Amino acid sequence: MVSLPSSVPQPSPADRARSTLVSGGPATVASSAWPSAAEPLQLPDTVCHVHPGGEVSLLLPDGHPLLDAEPGAACDGSVVMVEFTDLAPVELRDPVRAMLWLSGTLTVLDSPTARARALDVVRSDPDDRLLEIGHGRTMALLHPTLLVYSDPDGAHLLHPQEFAAARTDPFSRWEAPWLRHVDSDHPDLLEALTERIPPHLRTGTPRPLGVDRFGLRLRVEGADGDHDVRLAFRRPARTAHDVAAEVHGLAGLSPFGSDLP
């Protein structure tokens, strides 16, 4: 990542970690109860939600090895480590944007308790997959004791309370189709944005890497490697229309007549 002045606002590492949970990237899990030679297992189509106390709900398919414990009991006191990978929505030479590791103990919830938790979740984060509790999916509660978030800015050790108090970016679920649209349908916009990146990077190919309420991130793929650049908005975006207006402003273009949402 190109170094930024300290005054440039951007999401905190804890905020970015929270957003990684909802990015929909691949996740794997390992447990201290399994043989040391056992490979981490994939968590397919993982649904995650962070509760006010910092616990993380995981919706797992019935029969998953992590669900061997009796409902309401911790999994033999063993420690589990879940690895979440945040992948760029567009095809890049290096698609990994960030990694998040959560370590702690896991409690399997019985169906009534899981449904009560699901009702709390849908009030702020509706997800149809929560309806599958008791019908092919089981909810487990991860109590994190160690959290590490890593991205091009470096590795960050997060306190569980810091993680619990962080804010998921409002555009986390919306950014993937938006970035793909920009990448495939707006080469003129990306070309105009190159005027805002450091001159020594302008010979590379700019690609849309990420967007949040504070700005747009570009990945410049050049002969000397990949370079990430953050372009800050004039003010934090509150709606998709704010994002479109801010991005066009960065490019020196008028948003009127554009199909960019």
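Cut-offs used in this document
Residues numbered from 1 in each chain as written. Predicted model: local features only at pLDDT ≥ 70, side-chain atom pairs only at ≥ 80, totals over all residues. Heavy atoms only, no water. Helix = DSSP H or I, 4+ residues; strand = E, 2+ residues; numbered from the N terminus. Buried < 20%, exposed > 50% of the residue type's maximum accessible area, 1.4 Å probe, protein only. Contact = heavy atoms within 4.5 Å. Areas by Shrake-Rupley, 256 points an atom, 1.4 Å probe, with all protein chains shown as cover. Phe/Tyr/Trp six-rings, centres within 6.5 Å; stacked < 30°, edge-to-face > 60°. Lys NZ or Arg CZ within 6 Å of the ring centre and 35° of its normal. Pairing = 2+ DSSP bridges. Axes fitted to C-alpha atoms, helices over the stretch in contact; angles between N-to-C directions. pLDDT = per-residue confidence, 0-100. Polar contact = N/O pair within 3.5 Å; in protein donor to acceptor, adjacent residues only side chain to side chain. Core = buried A, V, L, I, M, F, W, Y, C linked by side-chain atoms within 4.5 Å. 1 Å grid on protein atoms, 1.4 Å probe; cavity = no way out; pocket = protein on both sides within 12 Å on 5 of 7 lines; lining within 4 Å. Points joined across faces, edges and corners; volume = space filled by probe spheres on them. Nonpolar A, V, L, I, M, F, W, Y, C, P; charged D, E, K, R; others polar. Expected span 1.5 Å × (residues − 1). Arc of directions from axis to C-beta.

Within the protein chain one finds six helices and 11 strands. Expressed as a percentage of its 261 residues, the buried residues of the protein chain come to 49%. Sequence separation of at least 24 residues holds for 64% of the intrachain contacts in the protein chain that already meet a minimum separation of 6. Counting every atom, the protein chain has about 12700 Å² of accessible surface; 54% of that belongs to carbon and sulfur.

On to the packing of aromatic side chains. Using the criterion set out here, one finds two aromatic pairs in the structure. An aromatic cluster of three or more residues is present, and its members are F171, W174 and W178. Taking NZ or CZ as reference, R18 lies 5.8 Å from the ring centre of F163, over its face.

A few words on the sheet that holds strand β11 (residues 225-232). Spatially, the three strands line up as an open sheet ordered β9-β10-β11, and their pairing is antiparallel. Each edge of the open sheet carries a strand with a single partner, namely β9 (205-212) and β11. Strand-to-strand twist across the sheet, computed as the mean angle between neighbouring axes with direction ignored, equals 25 degrees. Most of the contacts of helix α4 (residues 175-185) go to β9, to which it runs at about 155 degrees, and overall it touches β9 and β10 (215-222).

Attention now moves to the confidence of the model for the protein chain. The share of residues in the protein chain with pLDDT of 70 or more is 88%, and the mean pLDDT across the chain is 85. Across the protein chain, element-level confidence peaks in strand β8 (residues 154-158) with a mean pLDDT of 96 and bottoms out in strand β5 (residues 74-87) with 79.

To continue, consider α4. Residues of α4 that are buried: E175, A176, W178, L179, H181 and V182. Elements in contact with the buried residues of α4: β6 (96-108), α5 (187-193), β9, β10 and α6 (240-251).

In this section: the side chain of R230. Relative to the elements of secondary structure, R230 occurs in strand β11. A distance of 2.6 Å separates a polar atom in the side chain of R230 from a polar atom in the side chain of D212.

It is worth spelling out the nonpolar core at this point. One finds L21, V56, L58, F84, L102, L142 and F163 to be the most contacted residues of the largest nonpolar core, which totals 29 residues. When residues of this core are assigned to their parent elements, the largest contribution, five residues, is made by β6. The next biggest cluster of nonpolar side chains, apart from the first, holds 22 residues, and it includes L179, L218, F233 and V243.

Space inside the largest pocket adds up to approximately 350 Å³. Considering the residues around the largest pocket, the lining is formed by 16 residues, among which R18, H49, S124, D125 and T168 are closest to the centre. At the level of secondary structure, the elements contributing two or more residues to the lining of the largest pocket comprise α1 (13-21), β3 (47-50) and α2 (111-124). When its residues are assigned to classes, the lining of the largest pocket shows six nonpolar, five polar and five charged. Taken as a whole, the second largest pocket holds about 170 Å³ of empty space.

The end-to-end C-alpha distance of α2 is 21 Å, a good match for the 20 Å that 14 residues give at a rise of 1.5 Å each. Of the residues making up α2, those classed as buried are A114, A118 and V121. The buried side chains of α2 occupy one side of the element, clustering within an arc of 60 degrees when seen end-on. Turned more than 90 degrees off the buried face of α2, the exposed positions are P112, L119 and R123. Looking at the buried residues of α2, the elements they touch are β3 and β7 (137-151).

Bringing empty space enclosed by the protein into the picture now. Applying the stated criterion across every chain, the model contains two cavities of 30 Å³ or more. Its volume calculated, the largest cavity comes out at about 280 Å³. Contributions of two or more residues to the lining of the largest cavity are made by α1, β6, β7 and β9. In terms of residues, the lining of the largest cavity owes the most to one element, α1, which gives three residues. Taken as a whole, the second largest cavity spans an internal volume of roughly 50 Å³. Taken together, V47, C48, H49, S57, L58, L59, V121, L130 and M139 form the lining of the second largest cavity. When contributions to the lining of the second largest cavity are tallied by element, the ones reaching two or more residues are β3 and β4 (56-61). Residue classes in the lining of the second largest cavity are distributed as seven nonpolar, two polar and no charged.

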